[in-house]
Amino acid sequence: MDPLADEIRAELARFGPQAGMAELVERWPAVVGPAIARNAWPARISKDGTVQVAAADSVWAYELGQRAVEIAAALGVPKVRFAPGPLPQASEEPTRTPLEVSPEDAERARAIASRIEDENLRESVQKAVSFSLARGRADQPI
């Protein structure tokens, strides 16, 4: 770690528990995983060191509350509390380019769905398969 970072951290420690918030937010996604990080985010640190976490809704708050002891231990904090609250907007959301179904994907999808008798179902399956094939192609490295 940079020697200056230690000095800055020591100076910020004068401000109480909130001083650790930046480090906590930085570690949060790695500790809890991407699914939880998308649906719950640290909001503040109480005077007693409890990390107050905003959750996407009451279901997330309840479910994560059941794992509070485990999450607190992984974060190295005394306690974690979850409650529904505002989450930060994802600023680094990857922009997706529209999928382009190739003629080969469309033909393969048509062949896969060809045995389905119901026309509406066959068309829906064909469309889903063609996009799935296109997605698989798009996800492969160039």
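All figures in this text were calculated on a predicted structure; none of them were measured in a lab.

Definitions and cut-offs
Residues numbered from 1 in each chain as written. Predicted model: local features only at pLDDT ≥ 70, side-chain atom pairs only at ≥ 80, totals over all residues. Heavy atoms only, no water. Pairing = 2+ DSSP bridges. Helix = DSSP H or I, 4+ residues; strand = E, 2+ residues; numbered from the N terminus. Axes fitted to C-alpha atoms, helices over the stretch in contact; angles between N-to-C directions. Contact = heavy atoms within 4.5 Å. Salt bridge = Lys/Arg side-chain N within 4 Å of Asp/Glu carboxyl O. Buried < 20%, exposed > 50% of the residue type's maximum accessible area, 1.4 Å probe, protein only. Arc of directions from axis to C-beta. Core = buried A, V, L, I, M, F, W, Y, C linked by side-chain atoms within 4.5 Å.

Caption draft 1: Main features of the sheet that holds strand E1 (residues 40-45). Ordered in space as E1-E2-E3, the three strands form an open sheet in which the pairing is mixed. On the outer flanks of this sheet lie E1 and strand E3 (80-84), each paired with one strand and no other. Taken pair by pair, the neighbouring strands of this sheet meet at an average axis angle of 30°, ignoring direction. Here five bridges tie strand E2 (residues 51-55) to E3, and the two strands are oriented parallel to one another. Bridge pairing links Val53 to Phe82 in E3. Together, E1, E2 and E3 form the strand contacts of helix H2 (residues 21-32), whose direction differs from that of E1 by roughly 165°. Contacts from helix H4 (residues 58-65) reach E1, E2 and E3 within the one sheet, and its direction differs from that of E3 by about 165°.

Caption draft 2: Seen up close, the pattern of salt bridges. Applying the stated criterion across every chain yields a total of two salt bridges. Glu70 is the salt-bridge partner of Arg67, the closest N and O atoms lying 3.0 Å from each other. Exposure remark for Arg67: the relative accessible area of 35% places this residue in the partly exposed category. A salt bridge links Glu107 to Arg110, with the shortest nitrogen-to-oxygen separation between them at 3.2 Å. With Glu107 and Arg110 both in helix H6 (residues 103-113) and three residues apart, this pair spans about one turn of that helix.

Caption draft 3: Expanded view of helix H5 (residues 68-75). Residues of H5 that are buried: Ala68, Ile71, Ala72 and Leu75. Buried residues of H5 fall within an arc of 100° about the axis and therefore sit on the same side. Across from the buried face of H5, at angles greater than 90 degrees, the exposed residues are Val69 and Ala73. For H5, the secondary structure elements touched by its buried residues are H2, H4 and E3. Just downstream of H5, Gly76 is the residue with a positive phi angle, here 75°.

Caption draft 4: Quick peek at the nonpolar core. The biggest cluster of nonpolar side chains holds 21 residues, and the ones touching the most others in it are Trp28, Val51, Val53, Ile71, Leu75, Val80 and Phe82. With residues near it in sequence (within four places) discarded, Phe82 still touches Trp28, Val53, Ala61, Leu64, Gly65, Ala68 and Ile71.

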